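Each chain, letter by letter, is given below.
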Amino acid sequence: RRVYVAAPGSLSPGLLNRLARESGAYVAVDGDGLQIDMNGDFMSVHCLRPGRYTLHLPFAAKVRNLKTRQFERVRGNSFDVELTAGETRRFVIIRRIER
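Figured I'd write up the structure that's included with this text. This structure is a prediction, so every number in the text was calculated from the model and none was measured.

Per the stated rule, a full pass over the model turns up 1 aromatic pair. Taking the centre distance of 5.3 Å and the plane angle of 70° together, the rings of Phe-79 and Phe-91 count as edge-to-face. Of this pair, Phe-79 sits in strand β5 (residues 78-83) while Phe-91 sits in strand β6 (residues 88-95), placing them 12 residues apart in sequence. Phe-91 carries the same exposure label as Phe-79, and that label is buried. The ring centre of Phe-71 lies 4.7 Å from the NZ or CZ of Lys-62, which sits over that ring. The ring of Phe-59 carries the charged tip of Arg-95 above its face, separated from the ring centre by 4.1 Å.

Conventions used here
- Residues numbered from 1 in each chain as written.
- Predicted model: local features only at pLDDT ≥ 70, side-chain atom pairs only at ≥ 80, totals over all residues.
- Heavy atoms only, no water.
- Phe/Tyr/Trp six-rings, centres within 6.5 Å; stacked < 30°, edge-to-face > 60°.
- Helix = DSSP H or I, 4+ residues; strand = E, 2+ residues; numbered from the N terminus.
- Buried < 20%, exposed > 50% of the residue type's maximum accessible area, 1.4 Å probe, protein only.
- Lys NZ or Arg CZ within 6 Å of the ring centre and 35° of its normal.

Any functional reading would require information that these geometric values do not contain.
As structure tokens, then:
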């Protein structure tokens, strides 16, 4: 798929997220309000807008919160976080190997 953006700044994070979801790409969260940086075993989540968010994983995994050292409750391939504006959370993603 192709998208043409003519005006500077007209491709908002929310629109980019929507386009990615509609095209079948992996997205870590359904809406906007978070800045997420991740690779195969690490996720950094910075909150721009406070609220409760459901984070989606690209594969079955266990998730450990690096601040609390506790494992998050993962349902399927998703887990919930409650964040305040300006807060950053970091997680280790431990891939579950299916046999």
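So much for the structure itself; the text now carries on.
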